[in-house]
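Spelled out from the first residue to the last, the chains are:
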Amino acid sequence: MSVSLALVLGLIGSILAPFAAARWKTIGNALVVAVPALLFLFFLMQLNAVGQAPIIEENAWVPSLGITLTIRLDGFSLLFALLISGIGTLVALYAASYMDEKTPFYRAQFLFYILLFMSAMLATVTADNLMALFVFWEMTSLLSFLLVGFDSTKLAARKAALQSMLVTVGGGLSLLAGIILIGVAADTFSISALMENPAPLVESPLFTAIIILMMAGAFTKSAQVPFHFWLPNAMAAPTPASAYLHSATMVKLGVFLLATMAPIFSQAAWFGPTLVAFGGATMLIAALQALRSTAFKAVLAFSTVASLGTITMLIGLDGEVAAVATVGFILAHALYKAALFFCAGIVIHATGEPRLNRLGGLASVMPITAGATVLAAFSAAGLPPFVGFISKEYLFEAQIESTFTAIAVLIGVLVNTVMVAIAVVVVMRPFFRPARRELHVHHGEATGMTVGPVVLGVIGLLFGLAPGLVATSLIQPAASAIYGEPLDVSFYLWHGFTPMLALSILVVALGLLVAKYWDPIHVALRRRRIFDRVLDDRGYYWVLDNTLALARWSTLRLQNGDLRIYTAVIATVVTFFMVYALLAGEGPVFPSVNHPEFNIYMVGVIGLIIVGCFVAALTTSLVTAIIGVGLAGYGLALVFLLNGGPDLALTQFSVETLFVVIVTAVLLRLPLMFTTTRTPGERRFDASLAAVFALTIFAAVLWIEAVPFNPVIPEYFAQVSYTEAFGRNVVNVVLVDFRALDTFGEIAVVAFAALGAWALLRRSNVARKKPASTPAKGG
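Rules used in this analysis
Numbering of residues starts from 1 in every chain and runs along the sequence as written. Totals for whole chains, interfaces and linings use every residue, but because this is a predicted model, local features are given only for residues with pLDDT of at least 70 and side-chain atom pairs only at 80 or more, for both listing and counting. Excluded from the side-chain calculation are hydrogens and water; included are all heavy atoms of the structure. On a range of 0 to 100, pLDDT expresses the predictor's confidence in each residue. Going along the chain from the N terminus, every DSSP run of H or I of four or more residues is numbered as a helix, and every run of E of two or more is numbered as a strand. Per-residue accessibility, obtained with a 1.4 Å probe over protein chains only, is compared with the maximum for each type, and a residue is labelled buried under 20%, exposed over 50%, and partly exposed between these values. Contacts are residue-level and defined by heavy atoms, with any inter-residue pair within 4.5 Å sufficient. Throughout, an axis means a line fitted to C-alpha atoms (over the contacting stretch in the case of helices), and angles, computed between N-to-C directions, take values from 0 to 180 degrees. What sets the label is the angle itself: under 35 degrees gives roughly parallel, over 145 gives roughly antiparallel, 65 to 115 gives roughly perpendicular, and the rest give oblique. Under the convention adopted here, Pro, Cys and the residues Ala, Val, Leu, Ile, Met, Phe, Trp and Tyr are nonpolar, Asp, Glu, Lys and Arg are charged, and Gly plus all remaining residues are polar. Within this scheme, the nonpolar core is defined by two criteria: the residues are buried Ala, Val, Leu, Ile, Met, Phe, Trp, Tyr or Cys, and they are joined through side-chain atoms within 4.5 Å. Domain delimitation follows an automatic or database domain assignment. The term buried area means the drop in 1.4 Å probe accessible area that two parts suffer when joined, counted for both and summed. By definition here, a salt bridge exists when the distance from a side-chain nitrogen of Lys or Arg to a carboxyl oxygen of Asp or Glu is within 4 Å. Distance and chemistry together define a polar contact, namely a pair of N or O atoms within 3.5 Å, with one atom able to donate a hydrogen and the other to accept it when in protein, and with adjacent residues in sequence counting only for side-chain atoms on both sides. A helix is expected to span 1.5 Å for every residue after the first. Working definition: a ring pair exists when centres of Phe, Tyr or Trp rings (six-membered ring for Trp) sit within 6.5 Å. Plane angles under 30 degrees give stacked, over 60 give edge-to-face, the rest tilted.

**Quick notes on the confidence of the model for the chain**
- In this model, the chain carries a mean pLDDT of 87, and residues with pLDDT of at least 70 account for 95%.
- Taken element by element, the chain is modelled with least confidence in strand S3 (residues 67–68), mean pLDDT 72, and with most confidence in helix H10 (residues 207–221), mean pLDDT 95.

**Observations regarding unusual backbone geometry**
- Cis geometry marks the peptide bond from Val225 to Pro226, where omega comes out at 10°.
- With respect to the secondary-structure elements, Pro226 resides in the loop between H10 and helix H11 (230–233).
- Of note, the bond from Pro384 into Pro385 is cis; its omega dihedral lies within 30 degrees of zero at 5°.
- Relative to the elements of secondary structure, Pro385 occurs in the loop between helix H17 (367–380) and helix H18 (387–401).
- With a phi angle near 55°, Ala223 is a residue other than glycine that sits in the positive phi range.
- Topologically, Ala223 is positioned in the loop between H10 and H11.
- Residues other than glycine seldom take positive phi values, yet Phe726 does so here, at roughly 60°.
- Its location among the elements puts Phe726 in the loop between helix H31 (712–723) and helix H32 (730–738).
- Residue class for Phe726 comes out exposed when judged on its relative accessible area of 68%.

**Topic: the side chain of Thr239**
- Take Thr239: it is sitting in helix H12 (residues 239–247).
- Residue Thr239 is classed as buried on the basis of its relative accessible area, which comes to 2%.
- The contacts of Thr239, once residues within four sequence positions are left out, are Tyr94, Tyr98, Lys297, Phe341 and Gly345.

**Quick notes on the packing of helix H7 (residues 155–186) against helix H25 (residues 538–558)**
- Across the interface, H7 lies against H25 with an axial gap of 12 Å and an inter-helix angle of 80°. Here H25 runs roughly perpendicular to H7, going by the angle between their axes. Across the interface between the two elements, Lys159, Leu162, Gln163, Leu166 and Val167 from H7 touch Tyr540, Tyr541 and Leu544 from H25.
- When the residues that make up the contact of H7 with H25 are grouped by side-chain class, the tally is 6 nonpolar, 1 polar and 1 charged.

**Let's talk about the nonpolar core**
- Residues Phe43 and Phe76 are the most contacted members of the largest nonpolar core, which totals 190 residues.
- Examining the composition of this core, we find that 23 residues originate from one element, helix H16 (residues 320–351), more than from any other.
- Taken together, domain 1 (1–208 + 231–242) and domain 2 (269–527) each give at least three residues to this core, which thus spans both.
- Dropping the residues within four chain positions of it, Phe43 is found in contact with Val3, Leu7, Leu73, Leu78, Ala81, Leu82, Ser85 and Leu122.
- Val413, Val420, Ala423 and Val507 belong to the second largest nonpolar core, which has 11 residues in total.

**Some words on the domain arrangement of the chain**
- Segmenting the chain into domains produces domain 1 (1–208 + 231–242), domain 2 (269–527) and domain 3 (711–770).
- With centres defined by C-alpha atoms, the gap from domain 1 to domain 2 works out at 24 Å.
- Summed over both partners, the interface of domain 1 with domain 2 comes to about 2,400 Å²; 81% of that surface belongs to carbon and sulfur atoms.
- Summed over the shared surface of domain 1 and domain 2, the result is 0 salt bridges.
- At the junction of domain 1 with domain 2, the criterion picks out 6 residue pairs in polar contact (both at pLDDT 80 or more).
- Elements that contribute at least two residues to the side of domain 1 that touches domain 2 include exactly helix H3 (47–52), helix H4 (75–98), H11 and H12.

**Some details on helix H19 (residues 405–432)**
- Look at H19: 39 Å from first C-alpha to last across 28 residues, which is about the 40 Å you get at 1.5 Å a residue.
- Counted residue by residue, H19 has 20 buried out of 28 residues, so it is predominantly covered.

**Considering the packing of aromatic side chains**
- What the rule picks out here adds up to 25 aromatic pairs.
- Here the aromatic rings of Phe76 and Phe80 are separated by 5.2 Å at their centres, their planes lie at 70°, and the arrangement is edge-to-face. Within this pair, Phe76 and its partner Phe80 are both found in helix H4, separated by 4 residues, close to a single helical turn. With respect to burial, Phe76 and Phe80 carry one shared label: buried.

Written out as structure tokens, the structure is:
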């Protein structure tokens, strides 16, 4: 079975399975879990094939724009596909149990969003065409908005959902601009084609702008400074969504894009140092905010931001080890972070208490959750024999061997010290330290909710004890894909007594010390209000509030309900640009043209149009004004007729007739006479603007007549109207085929106007026929 077919079947299953869950709880839940599980098994079967060469499947989509739905499954995208589908399976199982007490519709709706989100993620990481990647990228932003704001009754959830969407969709616009420039510079949107021949892109003067735009899109998605604030706020989402967003899916899309394009972008000397700088800043700020956080999920969220900063820094480091470290860290982080979020959700779900400092003594009532938390936390702290230890060894080795040794190692030690402290705190506080106050546990551990963290914790231990399971089959192809060349990967547990081991020991020792003094450090940092002003989302709200204020100000002045002002603004802007074009162009403003033969009929028609315009402009009667406008419209129809356009003339006659009849019928319900509401000065301005506008249009028409006629477009439509649209009337074919959407829009406007007029007339008739109410009889 092809990858394309698997993705399509997965999408169909993602749509249908939640509906089954709404009707039949047990069977439906099984189907919901089966969809990602089967996809995981499918991608697992592709390990051997991808290890030899990337799988590429081309499917036509919009060939005229060079956009194809080409599937590209290399080692790196396969790693993400396995994480998305594998952890997605556990998330679906967890969510079905987490939402067990909710109504069938509520539960099915959440599962529907989760599975659609998984499908969008899989499509994004396997897309070879950058335009297709962008479409799926934005789908993940929309679905994450629905997931974060799923509990729409809570203000915090709605605000966090809007914030996440505004930030990530804003970054998506930057990404789209970068992708468009890639198409302009390299004449292709294919990642594979760019990898094979990057020269046109690298040598383009747009190369710098492309990198900046795509980095901005990636930074917003992966919560890098200065966009780090939205991800912790997204903790308002239900825990299954938080676990999925923060471990294997959306927040890693940014680093996925950076790593995928790194073989090309790294040819710009400043690309790597920029990633190191932003990644390092994100790591430090996130670690500081984690120390200041109180809620269980918030601490984990800031540790996720720090981990994303770590991955960004690793992508910016040079050398083969950095590529291996990047892949190893992505794998390890996905395993332990999803497990920790699962465990946090179990604790909060059972106790209703989200704050770490109010939890305690839960190991006796939640032994399975406590054990899974210990396994995941040990891997997060980088302790042997877990896979987190191996990834941390490679992290330090990549930093030592890079050109940024001192800075990278210093930041790595400081941030990983905090990560060790967080691992200790999330284990000891909820489970093994006595609770400070009585804690009510509403229910025990549900099997569906404990399977996920236990499985992930055991896998983290298994991959640490037997790293050969993933070294050659998964780590090596993924690292080779982002390095741009085949690599020999040695991913193993024991490296001997090395500087990396010394740094690991130092980090663990410092982390234990920070964990011991967590409370005083936490209190001291919480009291420093400067961090609230500098590091939180106040900047975002300042921009948002000022944008809304500007919108209100401009609306009051531009959308004030005065049609004359709207018309004046449009006419002024159009006139300005047309006058500028006429004056800046070569030749006279009013060029000479070949005068056509004198036609007395045309002179009469033009006179009719002029009379109609003057009548409409000068009369104080609404009915007379409508007649004047209709007179001008009928005159224009005669112009079409006299110049060989009977079909256009017929259309114009029909439109004018409908216009006069309908508008006159409406105006009969209004006063037939009106008083002038414009001051003499305003009327003089209107007249001057109308005269200048008319003179400008006259000059433009003269230029159109003076420029030699280019027959390319008419000849094209004449040639293809029958072969492609099967129509012999070229004008009709243009209207209903080549510009079908435009024609549809025009028809819709006329139809809506007719409906509005009909509703107004009908309301007047009903009001006229309604009998007067009789007074109530007195008792």
